[in-house]
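Listed here are the chains, written in short residue letters.
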Amino acid sequence: MECKVLIDDCVHHRCRALVVGCFEGEVFSDPLLRSLDAVLAGALEAIVDQGEFGGQANKSLLVHTLGKGEAERLFLVGLGKRREATPERFRRAAGSALQALSKAGVQRFASVLHEAGDAAPEVVRATAEGFYLGNYSFDCYKSEPLERSVCEEVTFLTRDEVTCRSAEDVIRETALVCGAVAFTRDLVTHPGNVATPAYLAERALEMSGRMGVECRVLEREEIERLGMEAFLSVAKGSRQPPRFIVLEYRGGKQDARPIVLVGKGVTFDSGGISLKPRDGMERMKDDMAGGAAVLGAIQAAAGLRLPVNIVGLVPTAENLPDGGAYKPGDVVRTMAGKTVEVVNTDAEGRMLLCDALYYAQRYRPSVLIDVATLTGACVVALGTCATGLMGNDNGLKRALRQAGETTGERLWELPLWEEYGELMKSDIADLKNAGGPTAGTITAGWFLGQFVGKYRWAHLDIAGTAWEDKGGGHLPKGATGCGVRLLVEFLKGTLK
């Protein structure tokens, strides 16, 4: 899809449809809506008077102009009360408008939705994100095309040259970031028989070559030489060999310490010997969503040419049961030298990540962030509306929360008190890999915290936010690409 910007009067702009944002209680205090109503001989006022539409949030109305206006249709989308308006409202409104128009067969349309927010850059960005993200579809394995047509072009109508140039710059950046989100969504959506550890490594190499990022892929022998027994234990039950993907983007000063991003890359998680229930197990192809988000964030950072150094680490493996699989009761040694008693083979993500986090210390990171679909307990605690946040540095956590508010990928902090560590002590090893039925998200985060050294670190549990079951707005059903926009916003914030 292409988003372009044009200076034109929306009342006289010819198009298949025009998207217009409306605040609750202000439908006819808006000069733009009054002008459109005049062209339609009072039809909009009649619609409002009859209670069919009033600008409430998440409400919309498609109006056919029947030849009275240059736009064949008006799509009125509610933004709620002005004082409650946020970029997320515009993001959702844009996504909803695009999906509704696509279902109606409209593949090209114009929009003045951003004008309801005075065309502020953050509103233009959120609106463009809504259109780009809402236009995503995945039909790679369909023998017939999806019923919903994909939008081809959206024209942002602006008032003057200054607004036009500003909007063009914002939309250009937004297209790059949303392209990275689509890349991530694709990786997560591919089935486990396609998106194996080798496939993930191939896509990382392809992306790095395209974006000018250095990429190395470590195979089993080199992983063994590094002493990553915890990581390798997860892969023992699979015929698919593990990979350790290492990406280095150097956009900052040569001597500047990098930000290191670590992403869990379990391409399919059966639970291993501690087998998961059969219902919903097909979704476990998304257990590499953290690794995919790291790949997407680095693609976006390289596309934007951010002046910062970034290292991406993605340990990737399958977790399957067979005669060679690791078992409950096994004791393995991590790269850090600490021993871990395996009490649950379905607590495999932390086994990969603990070795990757320790490996990350060789870069002397300025910041260390891991992203993982780590615990079902996080879904129980926070549902699908927020990502779990833990860490050892208050400033880092604040910066990530702010990035979450800006992008709509919200975070909620959970404590990492030392008392939770008591649940992770083993009778025969230094640690065990699961702490029992309570505080599962926190104990998993506490476990990871034992492998980050003294570096500033944050853990993001995206188990509930990596996948959308219902679909709507800018989040069509399926993989969300959660983490990409959040991390990019955080990276940009480090430059201020």
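This write-up is about the structure you can find in this document. (Residues numbered from 1 in each chain as written. Predicted model: local features only at pLDDT ≥ 70, side-chain atom pairs only at ≥ 80, totals over all residues. Heavy atoms only, no water.)

**Points about the pattern of salt bridges**
On inspection of all chains with the given rule, the structure shows 35 salt bridges. We note a salt bridge from glutamate 26 to arginine 82, for which the minimum N-O separation is 2.9 Å. Placement of the pair is glutamate 26 in the loop between β2 (18-22) and α1 (31-39) and arginine 82 in the loop between β4 (73-78) and α3 (87-103), with a sequence separation of 56 residues. Assessed through its relative accessible area of 41%, arginine 82 is described here as partly exposed. Across the pair lysine 264 and glutamate 348 runs a salt bridge whose closest N-O atoms are separated by 3.1 Å. On the criterion of sequence distance, the pair formed by lysine 264 in the loop between β9 (259-263) and β10 (265-269) and glutamate 348 in the loop between β13 (339-341) and α10 (349-360) is long-range, its members being 84 residues apart. Note on accessibility: lysine 264 and glutamate 348 belong to one class, buried. One salt-bridge network, in which partners are shared between bridges, spans Glu88, Arg91, Arg92, Glu129, Glu409 and Arg485. (Salt bridge = Lys/Arg side-chain N within 4 Å of Asp/Glu carboxyl O. Helix = DSSP H or I, 4+ residues; strand = E, 2+ residues; numbered from the N terminus. Buried < 20%, exposed > 50% of the residue type's maximum accessible area, 1.4 Å probe, protein only.)

**Overview of the environment of aspartate 469**
Relative to the helices and strands, aspartate 469 is located in the loop between β19 (467-468) and β20 (478-479). Classification of aspartate 469 as partly exposed rests on a relative accessible area of 48%. In this structure, the C-alpha to C-alpha distance between aspartate 469 and threonine 384, residues 85 residues apart in sequence, is 9.3 Å. Those residues in contact with aspartate 469 that lie beyond four places of it in its chain are Arg283 and Lys477. (Contact = heavy atoms within 4.5 Å.)

**Quick notes on the nonpolar core**
Residues Phe109, Phe156, Leu295, Ile369, Leu400 and Phe490 are the most contacted members of the largest nonpolar core, which totals 90 residues. Counting residues in hydrophobic clusters, the runner-up holds 42 residues, among them Met228, Val311, Ala317 and Ala356. (Core = buried A, V, L, I, M, F, W, Y, C linked by side-chain atoms within 4.5 Å.)

**Notes on the packing of helix α9 (residues 289-304) against helix α14 (residues 484-493)**
In a pair of packed helices, the angle between the axes and the distance between the axes together describe the arrangement. Contact geometry for α9 and α14: axes closest at 8 Å, N-to-C directions at 45°. The angle between the axes of α9 and α14 places the two elements in the oblique class. You can see that α9 and α14 cross each other, and the crossing is right-handed. Of the residues in α14, those in contact with Ala293, Gly296, Ala297, Ala300, Ala301 and Leu304 of α9 are Val484, Leu487, Val488 and Leu491. Split into classes, the residues belonging to the contact of α9 with α14 amount to nine nonpolar, one polar and no charged. (Axes fitted to C-alpha atoms, helices over the stretch in contact; angles between N-to-C directions. Parallel < 35°, antiparallel > 145°, perpendicular 65-115°, else oblique. Left-handed = near helix turned anticlockwise from the far one by under 90°. Nonpolar A, V, L, I, M, F, W, Y, C, P; charged D, E, K, R; others polar.)

**Regarding the pairing of strand β5 (residues 108-111)**
For β2 and β5, the ladder comprises two bridges, and the chain directions are parallel. For valine 19, the partnering residue across the bridge sits in β5 and is serine 111. Here β5 runs beside strand β6 (residues 153-158); their pairing, made up of four bridges, is parallel. Along β6, the bridge assignment pairs phenylalanine 109 with valine 154. (Pairing = 2+ DSSP bridges.)

**Overview of the side chain of threonine 65**
One can find threonine 65 in the loop between β3 (60-64) and β4. Leave out the neighbours within four places in its chain, and threonine 65 touches Leu40, Ala71, Glu72, Arg73 and Leu74.

**Notes on the packing of aromatic side chains**
Think of a pair of aromatic rings as described by two things: how far the centres are apart, and how the planes are tilted against each other in angle. Scanning the entire structure with this criterion turns up nine aromatic pairs. On the numbers, 5.9 Å between centres and 45° between planes, the contact of phenylalanine 138 with tyrosine 141 is tilted. Accessibility expressed as a relative area gives 46% for tyrosine 141, which makes it partly exposed. Taken together, Phe231, Phe244, Tyr359 and Tyr363 form an aromatic cluster joined through their ring pairs. Positioned over the ring face of phenylalanine 451 is lysine 338, at 5.3 Å from the centre of the ring. (Phe/Tyr/Trp six-rings, centres within 6.5 Å; stacked < 30°, edge-to-face > 60°. Lys NZ or Arg CZ within 6 Å of the ring centre and 35° of its normal.)

**A look at the sheet that holds strand β17 (residues 431-432)**
Pairing between sheet strands relies on hydrogen bonds along the backbone, with the strands arranged either parallel or antiparallel. The strand order β12-β13-β17 describes an open sheet built from three strands, whose pairing is mixed. The sheet terminates laterally at β12 (331-333) and β17, the two strands that pair on one side only. Note that β12 and β13 share three bridges and pair antiparallel. Bridging across to β13, valine 331 finds its partner in glutamate 341.

**Here's the deal with the sheet that holds β6**
If you trace the six strands from one edge of the open sheet to the other, you get β1-β6-β5-β2-β4-β3, paired in mixed fashion. Either end of the sheet is taken by a strand with one partner, and the two such strands are β1 (2-7) and β3. Sheet twist, expressed as the average angle between the axes of neighbouring strands with direction ignored, equals 25°. α1 rests against β2 and β4 of the sheet, and its axis sits at about 130° to β2. Strand contacts of α3: β2, β3, β4 and β5, with the helix running at about 145° to β4, the strand carrying the most contacts.

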